[in-house]
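Each chain, letter by letter, is given below.
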Amino acid sequence: MQKKMMYSFPDDVLEHVFSFIQSDKDRNAVSAVCKLWYEIERWCRRKVFIGNCYAVSPRVVIKRFPEVRSIELKGKPHFADFNLVPDGWGGYVLPWIVEMAGAYPCLEEIRLKRMVVTDESLELIAKSFKNFKVLVLFSCEGFSTDGLAAIAAGCKNLRELDLRESEVDDLSGHWLTHFPETCTSLVSLNISCLGSDEVSFSALERLVGRCPNLKSLRLNRAVTLDKIANILRRAPQLVDFGTGNYASELPPDVLLNLAGAFSSCKELKSLSGFWDVVPAYLPALYSVCSRLTSLNLSYATIQNPEIIKLVSRCPSLQRLLVLDYIEDSGLEALASSCKDLQELRVFPSDPFGGEPHVSLTEQGLVTVSLGCPKLQSILYFCHRMTNAALVTIAQSCPNLTRFRLCIIEPKTADYLTLEPLDVGFGAIVEHCKDLRRLSLSGLLTDRVFEYIGTYAKKLEMLSVAFAGDSDLGLHHVLFGCESLRKLEIRDCPFGDKALLANAAKLETMRSLWMSSCTVSFGACKLLGQKMPRLNVEVIDETEPPDSRPESCPVEKFYIYRSVSGPRFDKPPFVWTMDEEGKIMH
Amino acid sequence: MPNMELQLGLALPTPNMIKGFDLNNHRLDHLKQRGCFSNKSKRSFEQAFGNFKQDGKTKTLLLWSGQPNEEEDHKDQKKTTFSTIDDSNDDEEVEQVVGWPPIKTWRKKIFNQPNGVGGIENNRVADKENGRSIYVKVKMEGVAITRKVDIRLYLSYQTLSNSLITMFSKDKKCGDDDSTRYILTYQDKEGDWLIAGDIPWQSFMRCVQRLKIIRNRD
């Protein structure tokens, strides 16, 4: 009996089989089977995700995957969101665009997060990729509306332009007029981050009117309420809508018109925006509420009872972003109305106020966890917490994959027992076996890290601040968390011991950020010397780190694995520890 | 409750008058630690590795006595106040600790961005500015509860401060000096904290966002 060997299949059969394999992890596994599979796979990989743009150089990527159509890149460390990374640190996309312009003429999609994008980069994109379809700039900066004009004018088949949370130099609202009249392909347009300056509204209206496939439209604050009805009537097929300004002094018939416009959007499932919302106009939304699966009120300074009135009308809600004006009473209403809730984010309305001025406590979160067992993702800012509350939450929501709790004042203990919150977070990691992301806060000792190292086997990202007692804490995490990819730590008493003892672990992770801890310059040097596949970057804005004794702690450092060695675009305040024990700059 | 004399001094503003509050700062601990390390880096790399072999048996490392470390910081550290008053000219809000709480910069701007479309701002609830109430929050240093006053009810700084004295004398902790002087400060539309009394009352009413009564440390 003749066995049919796998390698007797013609290449294109294998290629066809591989085309059903989409996930990067599976594709990587496929390419590791044998040389033949590696070769076939690399020629047919169309999508590449690079979690750290400095982990590999563009040339290396292009060499291995010559036929890529879609690329996703991430740049700065996460803590850059909170001003911990100085300006000019890096994350420039231009070198990538330059290389890809030559190598990937058929490139269709670019997705970037926390990268510096210049107008030059945008112009190059518009010029180089004839079939360009998707541009997502998430938390990016460095470009202006001039660059956007180039994209609008140059990308004839543009489907998606999403600028979420980016910082754009808003020179002129007229960039929208650069979309040619022939452009009818838009499916998604998110300009919510643009400034309060004028946007060319007539151009926007015309654009919306001629794009029949437009499913997602998020406007910016400059678009006033009276304009929304017209927009909605031109795009009744919208699934996701972000309003602009939601305040005005509209005569009553305009309000009715607005309500009518909303109700004509039968597919509408997701709403956001609502800057400066005046409660009187919220009833215009009521017809849509029963279908809503996602609601973002996190810019809306409405209070109760308006929030409760709105939320109670949304039984299909799966995702809610809201300010702490919702208070415990609003969360109670949420818990009883929205049984399908999967994601909840509660942001502080007055983060620097010191004393709480709204009645939002741990009780609100407990109530939601009891009422909404499908919860998977929680982000919660509050002023107090107890271990008992955390235990209840953990037991009620075993499906949690993301849990981020921020008790606003660092090192806050359980307010009832005055104990650390170790046991509470321990319960979270013990019960929520699929937990992938965790952010800690409150008073925490090394014990919480012991729990995390013991139970959090699927944890991929951990954020720690003002916690722990000793190196043992860090050691528990590095030693025990098998799936850990990203670790960011600030203001913790973690030093050299745990870091050096677990140096090998760092090569299995994407990155480690530590700031205001007690890791010495000597340890950084040692790591840089002994671990050639790690880039050890010390950030020091005042003076070269070797101008002080080696035992001195470094203020900030960032370690990441890389196959392409130290980067060449470092600013003066970033110092690389290289193989000869020298610091490079 | 002892009858305390609270005098809200509407002093003339001088630069730097509101600076230098003794708010505990985590950063100071780290500055103290600089240069106080024993020279551990002489230990070799192999030695460092050898101590923690990855053989799965981690019992020795997990021997935790259950007692907190002696050098536990948090026991000694006083509760840090995170409300700040600063008369600097920073455009952004002053934070006591950089990057904490972890909120993206643009989220903070949601409340500070002035907009002319008559929205509801964080600290100032105005229905319509033609005769209805203008409630402004008032916080007194050392008092947990924040109160609200309707600015429109007052005709002058004097009537406002009289009313505030009455309001807060119920809350004042015992133990404070009878003759403690207080200063009334306010936050204007740009987010700056200033001493009340230097601009005409009408202008003050239009721009005040928040009030805070602070102890005069002079």
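Up top is the structure these notes are about.
Note that the structure is a prediction, hence the values are computed from the model and not measured.

### Some thoughts on the environment of Tyr-54 of chain A
All names here are of chain A.
Here is step 1: Positionally, Tyr-54 belongs in the loop between strand E1 (47–50) and helix H4 (58–64).
Here is step 2: For Tyr-54, a relative accessible area of 10% gives the class buried.
Here is step 3: The sequence separation of Tyr-54 and Tyr-415 amounts to 361 residues, and the corresponding C-alpha distance is 44 Å.
Here is step 4: Residue contacts for Tyr-54: discarding those within four places in its chain leaves Trp-89, Gly-90, Gly-91, Tyr-92, Tyr-560, Ser-562, Arg-567 and Asp-569.
Here is step 5: Looking at Tyr-54, its side chain comes within polar contact range of the side chain of Asp-569, at 2.6 Å.

### Some thoughts on a nonpolar patch on the surface
Here is step 1: There is a patch of nonpolar side chains on the surface, built from Phe-9, Val-13 and Val-17 of chain A and spanning about 210 Å² of accessible area.
Here is step 2: Here Val-13 of chain A shows up in helix H1 (residues 11–18).

### Some points on the pairing of strand E13 (residues 319–323) of chain A
Residues and elements named next belong to chain A.
Here is step 1: Of all five residues that make up E13, four are buried, and the element is covered over most of its length.
Here is step 2: Across three bridges, strand E12 (residues 294–296) lies against E13 in parallel orientation. What sits directly across from Asn-296, in E13, is Leu-321.
Here is step 3: In this fold, E12 hands off to helix H12 (residues 306–311), which returns the chain to E13; that crossover is right-handed.
Here is step 4: Note: E13 against strand E14 (residues 343–347), five bridges, orientation parallel. Considered in E14, the bridge of Arg-319 is made with Glu-343.
Here is step 5: For the crossover that starts at E13, traverses helix H13 (residues 327–337) and ends in the parallel E14, the hand is right-handed.

### Structural notes on the nonpolar core
Here is step 1: Counting 199 residues, the largest nonpolar core has Ile-110, Phe-241, Tyr-246, Phe-262, Phe-403 and Ile-452 of chain A as the members making the most contacts within it.
Here is step 2: Sequence-distant contacts of Tyr-246 of chain A, defined by excluding residues within four places in its chain, comprise Leu-225, Leu-258, Phe-262, Phe-274, Trp-275, Asp-276, Val-277, Val-278, Tyr-281, Leu-282, Ala-284 and Leu-285 of chain A.
Here is step 3: By size, the runner-up hydrophobic cluster in this structure holds 24 residues, among which are Val-136, Met-140, Val-149 and Leu-160 of chain B.

### Side note on unusual backbone geometry
Here is step 1: Cis geometry marks the peptide bond from Asn-304 of chain A to Pro-305 of chain A, where omega comes out at 5 degrees.
Here is step 2: For Pro-305 of chain A, the position within the fold is in the loop between E12 and H12.
Here is step 3: Note the cis peptide between Trp-100 of chain B and Pro-101 of chain B, where omega equals -5 degrees.
Here is step 4: As for its placement among the helices and strands, Pro-101 of chain B is situated in the loop between helix H3 (73–76) and helix H4 (105–112).
Here is step 5: Unlike most non-glycine residues, Glu-165 of chain A shows phi in positive territory, near 60 degrees.
Here is step 6: Owing to a relative accessible area of 26%, Glu-165 of chain A belongs among the partly exposed residues under this scheme.
Here is step 7: Of note, Phe-274 of chain A is a non-glycine position whose phi angle comes to about 60 degrees, a positive value.
Here is step 8: Take Phe-274 of chain A: it is sitting in the loop between strand E11 (270–272) and helix H11 (286–289).

About the criteria used
- Residues numbered from 1 in each chain as written.
- Chains lettered and ligands numbered in written order.
- Predicted model: local features only at pLDDT ≥ 70, side-chain atom pairs only at ≥ 80, totals over all residues.
- Heavy atoms only, no water.
- Helix = DSSP H or I, 4+ residues; strand = E, 2+ residues; numbered from the N terminus.
- Buried < 20%, exposed > 50% of the residue type's maximum accessible area, 1.4 Å probe, protein only.
- Contact = heavy atoms within 4.5 Å.
- Polar contact = N/O pair within 3.5 Å; in protein donor to acceptor, adjacent residues only side chain to side chain.
- Patch = residues over 30% accessible without salt bridge, like charges linked within 9 Å, V, L, I, M, F, W, Y side chains within 5 Å.
- Areas by Shrake-Rupley, 256 points an atom, 1.4 Å probe, with all protein chains shown as cover.
- Salt bridge = Lys/Arg side-chain N within 4 Å of Asp/Glu carboxyl O.
- Pairing = 2+ DSSP bridges.
- Right-handed = clockwise from strand over helix to strand, strands pointing away.
- Core = buried A, V, L, I, M, F, W, Y, C linked by side-chain atoms within 4.5 Å.

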